[in-house]
Amino acid sequence: MNSEKSQRIGNGPGEKVKGGARKKSGHAHRKSLNDSLEGEVKAFLIDEDRLHTYDDLTKVNPVTPKTVLKCLQARYRAKVFYTHAGCTLVALNPFQPVPDLYSLDVMKEYHCAPQPQESKPHIFIVAEEAYRNVQGQVEPVNQSLVVSGESGAGKTWTSRCLMKYYATVAASSSLLKSQDTVDRIEKRVLVSNPIMEAFGNACTLRNSNSSRFGKYIQLQLNRSQLLVGASVQTYLLEKTRVAGQPANERNFHIFYQMMTGGSDEQRSEWKMSHDQRFAWLPNAEKTLEEDCFDETVEAMVHLGINAEKQGHIFRILAGLLQLGNVTFCSAMDESQPCDLEEKSKDFMQRCASLLCVPVEELQTCLRVQTLRAGKQSALFKPCSLADCSVRRDCLAKVIYAQLFEWLVTFINDSICADNSTWCNFIGLLDVYGFECFQFNNLEQLCINYANEKLQQHFVAHYLKAQQEEYVSEGLEWSFVKYQDNQGCLDLMEGIPTGVFSLLNEECLLNRASDAKQFMVRLEKELSDNGTMSWDKFSKQPHFTVAHYAGKVTYQIEGMMEKNKDPVPPELIHLLKKSENPLLHQLFADRDPVGQGTRGLRQVVTVVSKFKNSLESLMKILHSTTPHYTRCIKPNTDCRPLTFKKEEVIMQLEACGIVETIHISAAGFPVRIPYTSFTQRYGLISNLFSQGTGENGLEADNKGALGLAAADILRVVLSHSLDPTHHIDNETRSSLVHCGRTKVFMTNSMLELLEEHRNRVCSQRAFSIQCCWHRHKQRRRHAMRRAVTLIQAVVRSWLVRRAVRRWNRAAIVLQRSWRKWRALMDALAEAELDDAEDLQEEAMPPELDPILRARGSVQLSSIQEPVMVRGWPMGLALASAPAITVSMTATGFQKMMSVMACLNEHCFRSGEYKVETNQFKQGVASIRAQPRGSIKLHYQRSPLLYADMHPDHKRDGVTGLNQILLEST
């Protein structure tokens, strides 16, 4: 749906036209209303800032017309246009586009919501509730959506939104194999709207797109709740508008669409020049959004109306416009037919050409009446000037009515599914609203009669049915007075003294109609009925009916002629001869109204046909589950966001919204069957069952389910209310009552039940969670023990393996150390033995290779320096607390260099000292008498765990060093 297009539910400039009686009574009623409610509403209106937050009118307190009006006004100012009123939805017309109010995202949001009733009030809530009733097969499965309200309140737009919603929901829910079919059906269902509105809607004083016919659309659903087809039923097309339009109103939209949207080629085919004016097209200069010719043609194409049929349709319509320009003048000779005015001859020629009928026969049928008396030959009687105009208008009306019926039939053939493919339907009723103009005739009488029937259905279903259900269930509750319109219906449809009966009887008489005489008969027959009155000071024949929405005065003049709706037989014969295939088809099967088998006239009046069709509609409504939407018109001028209290309050009282709120709020709005009640709340008594005992609730003769429900309620009341406070039966009965088949309760009792149920569910959920947590804790503990055991085993194995490796390494090192000590001892002994012979030998003897490789000092007799390889020195230093190095050096610098070298690499801790034996010792080794430079090379120990810097303050040596020292 294009949200950028005008979403005005009704948007035409209008003029407030009300009956004088309605103004006077409304003013007096409002004055008394304001006086009586001033003190009552004062306390409630303290917190007016929160009025716009009430999404249900039953939440306001006290529930009075003025408080409801205040709430609606506050929400309207906040641009919130939908409000619940108990079981009814109230829709206020914004008279302006509202972005994203009916977008596809909003549709999906309401369709996918778990509880749409908890969302903001919207027309899609009503649609979704009906759709879910069909899905749940809640009896009665078939649904009906009744959209009611005054003209211009927004019924047509609301119906359009509902159709779009169902088409979208069905398409989105469809299976892949049926997607193409659903798209095709929903497209055809939607495009039927522009055609129906173009041919059946018109601009009136109160609405620029007013439906001038009633329609009931059945959306057909299969077993999977997919849209497979639709059908349209129409009621009482206002065909008189074709030939006569009230002041400041227009003809049907299709004529203006042809004038503004037709191409030059089409206008030439229709014989319509750009400068031509038509008598039946008033206010042609006024442009509306509904004057969209291309949209209508596109819709025809989608429905299968090809270009050829479109041409026939538009030629017929153009011929009617030309016929409207034909005027007559009196003939010089009264015995001769009336003459055509000079300027009308061309119009007559164009009309005959467009209708494809002989122009001579057309003129004769309009000016000459054919009379037949039994088997005698026909007699021809010239018509008077007035009769010629009547016959002209009659021809236009019958052609247009037949064309409209053909369109409806074609649409049904295009979108209707076979009976075997659908099993349920959702009906959508869009009927004309209540009308009250300055001049009201038969059309307004029938329209208002239909609204009276719908109002009675609403009252019977929601108001009277609720109270009767209380009585049938054994509830003792004071009845709320509501506005019953049965008296008005008896006045109109009563037999044999109803208005319709007397009107039909008058039309069956073979005599000229007399308005004054009919008024006298009405006064005689219906003077005792309080809903009918007459204005004694009026000179015009009339009667006034007190409808549920106010008093309306109807003019009797011309009512009988409209009710007869006579069609001269010669006109039907002429149209059967038409060469236009469509026009010929329209009248091929129609027999002209003539005489019956015994010479009696067979006349089917407009009122009779309308009553029959309305009765069939009411049978359908009574067999379905209804959903009501009350459209409210905030102001008569169609101005955006303008709220007039006087207009709204009359509509609220007339449509029964206030009475609905009273019953919903003051009674027991929640009614749950015992089976459903025990299924949902049975766990409460299972948890807190304390025996049967005295519960203060009547549970006799209800069976096991009734006793179980009473026990549940007893438990809830005993745990929810103060135990120290005594609750009498009267107090408990004001909260809840156990009927014969259902539990009746207030909203507060329902909240107590839900709160108690949630508490029980929370406790049981907590118990389940405790068991689950205990199970998880046990499993976690067992897994932790298993992991600890595995880790302990692995660690012990690793330690044992490391100890074994250390022992093996220690053995290897000890073995190597012992070998080195033995070697050093042998070397020292050898050096001491050979020291005496060193000075005597001229040439130094050649050293043993072993000594040369393992020596620790460079002797003066050796020319090349010998590397000292002391790789176990770190181990030796770690094991000895003090080391004395005896060496002989010449020169102070050499001695200091040796001391510095030893101090840098070995004696960093400061606890070791270097002493030279030439200063303190008397005897020295040969190694203490070096003649060359001494170089001490120290390599780092390969023992990674050896203590390189031993500290005597420490308690001991650990690790591998401890193993080595203990083993040494």
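Residues numbered from 1 in each chain as written. Predicted model: local features only at pLDDT ≥ 70, side-chain atom pairs only at ≥ 80, totals over all residues. Heavy atoms only, no water.

1. Here's the deal with the sheet that holds strand β15 (residues 550–555)
Then, number 1: The strand order β13-β14-β15 describes an open sheet built from 3 strands, whose pairing is antiparallel. This sheet does not close on itself; its edge strands, each paired only once, are β13 (532–533) and β15.
Then, number 2: One ladder, built from 6 bridges, connects strand β14 (residues 542–547) with β15; its direction is antiparallel. Bridge pairing in β15 links Ala546 to Lys551. (Pairing = 2+ DSSP bridges. Helix = DSSP H or I, 4+ residues; strand = E, 2+ residues; numbered from the N terminus.)

2. Re the packing of helix α3 (residues 104–112) against helix α4 (residues 123–135)
Then, number 1: Remark: α3 packs on α4, axes separated minimally by 10 Å, with the N-to-C direction vectors making an angle of 45°. On the basis of the axis angle, α3 is oblique to α4. Crossing angle aside, the handedness with which α3 passes α4 is right-handed. Contacts between α3 and α4 involve Val106, Met107, Tyr110, His111 and Cys112 from the first element and Phe124, Ile125, Glu128, Tyr131 and Arg132 from the second. (Axes fitted to C-alpha atoms, helices over the stretch in contact; angles between N-to-C directions. Parallel < 35°, antiparallel > 145°, perpendicular 65-115°, else oblique. Left-handed = near helix turned anticlockwise from the far one by under 90°. Contact = heavy atoms within 4.5 Å.)

3. Focus on helix α12 (residues 342–355)
Think of an α-helix as turning once every 3.6 residues; residues three or four places apart then point the same way.
Then, number 1: Its 14 residues place the ends of α12 21 Å apart at the C-alpha level, agreeing with the 20 Å of an ideal helix rising 1.5 Å per residue.
Then, number 2: Taken as a whole, α12 has its buried residues at Ser344, Phe347, Met348, Cys351, Ala352, Leu354 and Leu355. Projection of α12 onto a plane perpendicular to its axis shows the buried side chains occupying an angular sector of 160°, all on one side.
Then, number 3: Tucked into the core, α12 has its buried residues touching α9 (264–269), α11 (307–324), β9 (339–340), α13 (359–367), α14 (385–415) and α21 (581–588).
Then, number 4: A positive phi of about 60° marks Cys356, the residue just after α12. (Expected span 1.5 Å × (residues − 1). Buried < 20%, exposed > 50% of the residue type's maximum accessible area, 1.4 Å probe, protein only. Arc of directions from axis to C-beta.)

4. A look at the pairing of strand β3 (residues 143–149)
Then, number 1: Most of β3 sits inside the fold, with 6 of its 7 residues counted as buried.
Then, number 2: Here β3 runs beside strand β16 (residues 625–632); their pairing, made up of 7 bridges, is parallel. Across the sheet, residue Ser148 finds its bridge partner in β16, namely Arg630.

5. Description of a positive patch on the surface
Then, number 1: Together, Arg800, Arg801, Arg804, Arg805 and Arg808 make up a region of like positive charge exposed at the surface.
Then, number 2: Summarising the element assignment, Arg800 is placed in helix α28 (residues 747–833). (Patch = residues over 30% accessible without salt bridge, like charges linked within 9 Å, V, L, I, M, F, W, Y side chains within 5 Å. Areas by Shrake-Rupley, 256 points an atom, 1.4 Å probe, with all protein chains shown as cover. Salt bridge = Lys/Arg side-chain N within 4 Å of Asp/Glu carboxyl O. Lys, Arg positive; Asp, Glu negative; His and termini not counted. Charge placed at Lys NZ, Arg CZ, Asp CG, Glu CD.)

6. Focus: the confidence of the model for the chain
Parts of the model with low pLDDT should not have their predicted coordinates read in detail.
Then, number 1: When the pLDDT values of the chain are averaged, the result is 77; 72% of them are 70 or greater.
Then, number 2: Confidence drops under pLDDT 50 across residues 1–46; counting only partners more than four residues distant or on other chains, this segment forms 92 contacts.
Then, number 3: Counting contacts from residues 594–600, a segment whose pLDDT is below 50, to residues more than four positions away or on other chains yields 5 contacts. (pLDDT = per-residue confidence, 0-100.)

7. Comments concerning empty space enclosed by the protein
Then, number 1: Scanning the model with the defined rule gives 4 cavities of 30 Å³ or more in all.
Then, number 2: In this structure, the largest cavity encloses a volume near 120 Å³.
Then, number 3: Along the wall of the largest cavity there are 12 residues; nearest its centre are Gly149, Glu150, Tyr548, Gln651 and Cys655.
Then, number 4: Of all the secondary-structure elements, those providing two or more residues to the lining of the largest cavity are β3, β16 and α23 (645–654).
Then, number 5: Among the residues forming the lining of the largest cavity, the class breakdown is 7 nonpolar, 3 polar and 2 charged.
Then, number 6: Computed from the structure, the second largest cavity encloses a volume of approximately 100 Å³.
Then, number 7: Forming the boundary of the second largest cavity are 17 residues, of which Gly152, Lys155, Thr156, Asn207 and Ser211 lie nearest the centre. (1 Å grid on protein atoms, 1.4 Å probe; cavity = no way out; pocket = protein on both sides within 12 Å on 5 of 7 lines; lining within 4 Å. Points joined across faces, edges and corners; volume = space filled by probe spheres on them. Nonpolar A, V, L, I, M, F, W, Y, C, P; charged D, E, K, R; others polar.)

8. Points about the nonpolar core
Then, number 1: The biggest cluster of nonpolar side chains holds 142 residues, and the ones touching the most others in it are Phe199, Ile313, Phe314, Leu317, Ile399, Tyr400 and Leu652.
Then, number 2: Tallying contributions element by element places α14 first for this core, with 15 residues.
Then, number 3: Ignoring anything within four residues of it in the chain, the contact list for Tyr400 reads Phe199, Leu237, Val242, Phe252, Ile254, Phe255, Leu317 and Leu320.
Then, number 4: Counting 56 residues, the second largest nonpolar core, distinct from the first, contains Leu445, Tyr449, Leu491 and Phe610. (Core = buried A, V, L, I, M, F, W, Y, C linked by side-chain atoms within 4.5 Å.)

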